[in-house]
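Chain by chain, the residues:
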Amino acid sequence: MSSEMRSLQTHGLNSKVYVPILMEIFTVKYTKGAEHIEFTLDDIRAAALKLGIAVRNPADLAYRMRSRTELPEVIRREGFFILSAVGRGKYRLSKAESAIISLPQTETIGTLDLTPLPVRRMLPEKLANFDEQALLTVVGYCKILDHFTGLTNFRLRSHVRKSVPKIGQAELDEVSVAIAGSEDEQPVIIPVEAKAVADAVNRVQISAMVSFCSRYFPDHEVRPLAVKVDHDSLVHVLEFNATEEAADLTILRSATYAIHPSQAQLALIRETEQRLL
C-alpha cells in the first residue's frame, strides 16, 4: 500500500487547548499497569483552570479527541489508544492495538457504475474526490452493500445524529434495513460509517453505531459496516463484530471494489466539469 493510501487520523498535536488538558489529566490519573483511566467534565475543568486555559465547552475536548484526532504520543506509548464516553460527563481512556482500523489487502472486484446519468454527471469523475454522502450515493446505486452482505439493502435513514445513553451523541452516515429472500423475513440492521480519502475508520465511531442500534433497534441482528474510498478510487467495505467496546472490535470480512464508469457517464461528467471552468 502506498503512503498516500494509508488511513491516518489527524494528529491534533498543534491544539493549544485539547492536548495540554488531556495530558494534565493523564499525568494526574495514570498509574502503572492500569487498563483504564476514567475522568469527568469536572476533571477537564480542573485541568483547564490549573493550566490557565479558557475552555468554553469542556465536553468538546472528549468529542474531538475520541474520534477525530490521534491521542498524544505519551499516552499512546502506554498503550492507550481509545477515548470514549461511558456516561453523562464521564470518559475513559482504554488500551487497544490502535484507535484506527487499517484496511486489509483483498483482491479487487470490478463492477460497472450503475449510477443514473443525471446523478453521476453532477459528481467528480474520480471517487477519490467524493465526500462521504456522494460515496454512499454511488455505492447504493451500484448495489455494493447487497453484493457484500448477500442481502437486499434498503436505506432507512442518512446522516443520523441521536443521543445514546452512556456515550452521548452517536453519528451514523447511514442506516439500512436488510432482508434475505423475502420481505417478510426478520430485518437485519446495517449501520454504515463512510469515509472519504482523508478520513480514517475509527474504532470509537464503529462501536458507537452498535450502541445506537442496541438502543433504537433492540432485538435485531446488527451488522456494522464501514465504507472507505482510497487515493486510487477503490472502495473498501469492512464488516465488524457487533460490540459496543471499541477495543474489542475485529474485522469479520472485507472486500475491495473498483467501480468503473461507462463512456456515457465519463462524457457527461467531463462536459459538466468543463462548464464549471
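For the structure itself, consult the block above.
Let me sum up the structure you'll find in this document. As the structure is a computational prediction, the values presented were derived from the model and not from experiment. (Residues numbered from 1 in each chain as written. Predicted model: local features only at pLDDT ≥ 70, side-chain atom pairs only at ≥ 80, totals over all residues. Heavy atoms only, no water.)

### Describing helix α8 (residues 203–216)
Next up, step 1: Across its 14 residues, α8 extends 20 Å between first and last C-alpha, which sits within 8% of the 20 Å expected from 1.5 Å per residue.
Next up, step 2: Burial analysis of α8 places 11 of its 14 residues in the buried class, which makes it a mostly covered element.
Next up, step 3: Of the residues flanking the start of α8, the one acting as N-cap is Asn202, its side-chain oxygen 2.8 Å from the backbone nitrogen of Val204. (Helix = DSSP H or I, 4+ residues; strand = E, 2+ residues; numbered from the N terminus. Expected span 1.5 Å × (residues − 1). Buried < 20%, exposed > 50% of the residue type's maximum accessible area, 1.4 Å probe, protein only. Polar contact = N/O pair within 3.5 Å; in protein donor to acceptor, adjacent residues only side chain to side chain.)

### A short note on the pairing of strand β9 (residues 234–240)
Next up, step 1: For β9, a buried count of seven out of seven residues is recorded, marking the element as mostly surrounded by other parts of the structure.
Next up, step 2: Residues Leu234, His236, Leu238 and Phe240 line one face of β9 and the alternating positions Val235, Val237 and Glu239 line the opposite face, and both faces are buried.
Next up, step 3: Joining the antiparallel neighbours strand β8 (residues 225–229) and β9 is a turn of four residues, in which Ser233 adopts a positive phi near 65 degrees.
Next up, step 4: Of the pairings in the sheet, the one linking β9 to strand β10 (residues 251–260) comprises seven bridges and is antiparallel in character. By the bridge assignment, His236 is partnered in β10 with Thr256. (Pairing = 2+ DSSP bridges.)

All quantities given are derived from atomic positions and should not be read as evidence of function.
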